[in-house]
Amino acid sequence: MKTKLMGVLNLTIDSFSGDGLLTSNNFVDSALRQAETMLASGATILDLGAESSRPGGLPITAEEEWQRLALTLKELSSLETIISIDTYHAKTAELALNQGATWINSIWGFKRDPNLLAVVREANCPFVLMHNTSDQASIQESSQIGSFYQTSIHHDVVPEIIRSLKVDINEALEQGIRSEQIIIDPGIGFGKTPLQNLQIIGNLAAFKELGFPVLLGPSRKSFIGVVLDLPITERLEGTLAICTLAVSQKIEILRVHDVQAVARVTKLTEAILNA
């Protein structure tokens, strides 16, 4: 089994990782060039999002989200690849699927917009169901390295996440979503402390036991900066360490910004495992 790489395309101004394409004068062309580079580097999925999920990020309406997505999706749909839309709005998902998108990746699952399940069911498309206990106004992760080691509660959060995912999976199945459509994401960085994020990464086998493909999004996350005491611009090595572990645990999909570097690490790790 080869781990697939999902390249991140942010049509935002305020992306936490500093790669928001709306800062470009011609963001559609910028997105297309970035997409082509990611595909040439080894990505097989492109994840297109128009709302920043960074701590303190401001929500946007479905209408504004679609305005950002529409032109870019039209251009990207000519590429021979899987296009995932990072949205929790049912209307955005419906419009995107009608214009060439093939997956829906929702950081809130179906909790923010229950109509999303009906859209996914009708389209019969893959649906990334993420665990998320944060709220948009809260700080998702501690940014103080001292607080991580001194005040974190030392209990295993993984069983709690597993239970929550099971509830969401069962509800989706009851609403007519086929099991083959579901991909689970433990939601690194969303409503978790740095220690809890490390617990998730150290217990990836527990998520595999649920019997669904697992997507992991560790790229440049804040907890890497907390552990290594590094800014966003210097978190590549930490990201690669996590990706190597994920590949060794046969995680199906890695959602990343630095596709070329992760592709090289993935290729070598898989070669070692297959030797």
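Cut-offs applied
Residue positions are counted from 1 within each chain, in the order its sequence is given. For this predicted model, a pLDDT threshold of at least 70 governs which residues receive local features, and a threshold of 80 or more governs which side-chain atom pairs are given and counted, while totals over whole chains, interfaces and linings are taken from all residues. Side-chain descriptors were evaluated using all non-hydrogen atoms of the structure, hydrogens and water having been removed beforehand. A carboxyl oxygen of Asp or Glu within 4 Å of a side-chain nitrogen of Lys or Arg is what we treat as a salt bridge. Helix numbering and strand numbering both begin at the N terminus, where a helix is a DSSP run of H or I of at least 4 residues and a strand a DSSP run of E of at least 2. The buried label applies to any residue whose accessible area, calculated with a 1.4 Å probe on protein chains only, is under 20% of its type's maximum; exposed applies above 50%, and partly exposed to all values in between. Centre distance within 6.5 Å is the pairing criterion for rings of Phe, Tyr and Trp, where only the six-membered ring of Trp is used; planes under 30 degrees apart are then read as stacked, over 60 as edge-to-face, and the remainder as tilted. Our definition puts a charge over a ring when NZ of Lys or CZ of Arg is within 6 Å of the ring centre and also within 35 degrees of the ring normal. One bridge is not enough; two strands pair if DSSP finds at least two bridges between them. The contact criterion used is simple: two residues touch if any of their non-hydrogen atoms lie within 4.5 Å. Every axis in this analysis is a line fitted to C-alpha atoms, fitted for helices over the stretch in contact. Angles between the N-to-C directions lie between 0 and 180 degrees. Here the expected length of a helix is defined as 1.5 Å per residue gap, with one fewer gap than residues. We define a nonpolar core as any set of buried Ala, Val, Leu, Ile, Met, Phe, Trp, Tyr and Cys residues linked to one another through side-chain atoms lying within 4.5 Å.

## Section: the pattern of salt bridges
Phase 1 of the analysis: Scanning the model with the defined rule gives eight salt bridges in all.
Phase 2 of the analysis: Here E64 and R68 are joined by a salt bridge, their closest N and O atoms 3.2 Å apart. You can see E64 and its partner R68 sitting in helix 2 (residues 62–76), four residues apart, about one turn around the helix.
Phase 3 of the analysis: The exposure class assigned to R68 is buried, which follows from its relative accessible area of 13%.

## Let's talk about the packing of aromatic side chains
Phase 1 of the analysis: Taken as a whole and judged by the stated rule, the model has zero aromatic pairs.
Phase 2 of the analysis: The lysine or arginine in question, R112, covers the ring of W108, its NZ or CZ lying 3.9 Å from the ring centre.

## Here's the deal with the sheet that holds strand 7 (residues 215–216)
Phase 1 of the analysis: Spatially, eight strands are ordered 6-5-4-3-2-1-8-7 in an open sheet, and the strand pairing comes out parallel. Of all strands in the sheet, those bounded by a partner on one side alone are strand 6 (182–185) and strand 7.
Phase 2 of the analysis: Relative to strand 3 (residues 82–86), strand 2 (residues 45–49) runs parallel, the two being bridged by five bridges. Residue pairing across strands places L46 opposite I83, the latter belonging to strand 3.
Phase 3 of the analysis: Along the sheet, helix 6 (residues 158–174) makes contact with strand 5 (127–130) and strand 6, crossing strand 6 at roughly 160°.

## What to know about the pairing of strand 2
Within a regular strand, the side chains alternate between the two sheet faces.
Phase 1 of the analysis: Across the five residues that make up strand 2, a large majority, five, are buried.
Phase 2 of the analysis: Both faces of strand 2 are covered, namely the face carrying I45, D47 and G49 and the face carrying L46 and L48.
Phase 3 of the analysis: Of the strand pairs in this sheet, strand 1 (residues 4–10) and strand 2 are connected by five bridges, and their pairing is parallel. Bridging across to strand 2, N10 finds its partner in G49.

## A look at the environment of N203
Phase 1 of the analysis: Here N203 shows up in the loop between helix 7 (194–202) and helix 8 (204–208).
Phase 2 of the analysis: Residue classification places N203 among the partly exposed positions, given a relative accessible area of 31%.
Phase 3 of the analysis: Distance from N203 to P159, taken between C-alpha atoms, is 9.9 Å for residues 44 residues apart in sequence.

## Considerations on the environment of T269
Phase 1 of the analysis: By secondary structure assignment, the location of T269 is in helix 11 (residues 259–274).
Phase 2 of the analysis: Accessibility expressed as a relative area gives 10% for T269, which makes it buried.
Phase 3 of the analysis: For T269 and L245, which are 24 residues apart along the polypeptide, the C-alpha to C-alpha distance reads 8.8 Å.
Phase 4 of the analysis: Setting aside its immediate chain neighbours within four residues, T269 contacts T244, V247 and S248.

## Re unusual backbone geometry
Leaving glycine aside, a negative phi is the common case for residues, and trans is the common case for peptide bonds.
Phase 1 of the analysis: The phi dihedral of D229 is positive, around 55°, even though this residue is not glycine.
Phase 2 of the analysis: The phi dihedral of K250 falls on the positive side, at around 60°, and the residue is not glycine.
Phase 3 of the analysis: Summarising the element assignment, K250 is placed in the loop between helix 10 (236–248) and strand 8 (253–256).
Phase 4 of the analysis: Taking relative accessible area as the criterion, K250 reaches 41% and is therefore assigned partly exposed.

## What to know about helix 2
Helical geometry: 3.6 residues make up each α-helical turn, so side chains three or four residues apart lie on a common side.
Phase 1 of the analysis: The end-to-end C-alpha distance of helix 2, which contains 15 residues, comes to 20 Å, matching closely the 21 Å that a straight helix rising 1.5 Å per residue would cover.
Phase 2 of the analysis: Of all the residues in helix 2, the buried ones are A62, E65, W66, R68, L69, T72, L73 and L76.
Phase 3 of the analysis: Contacts made by the buried residues of helix 2 are with strand 1, helix 1 (27–41), strand 2, strand 3 and helix 3 (90–98).

## Some details on the nonpolar core
Side chains that are nonpolar tend, in soluble globular proteins, to be buried together.
Phase 1 of the analysis: By size, the foremost hydrophobic cluster in this structure holds 65 residues, and its most contacted members are I85, I104, I184, F207 and L254.
Phase 2 of the analysis: Ranked by residues supplied to this core, first place goes to helix 6 with six residues.
Phase 3 of the analysis: Among residues more than four places away in sequence, those in contact with I184 are L129, L165, I169, F207, L210, F212, P213, V214 and L215.
Phase 4 of the analysis: One finds W103, V128, L215 and I253 within the second-largest nonpolar core, a separate group that totals seven residues.

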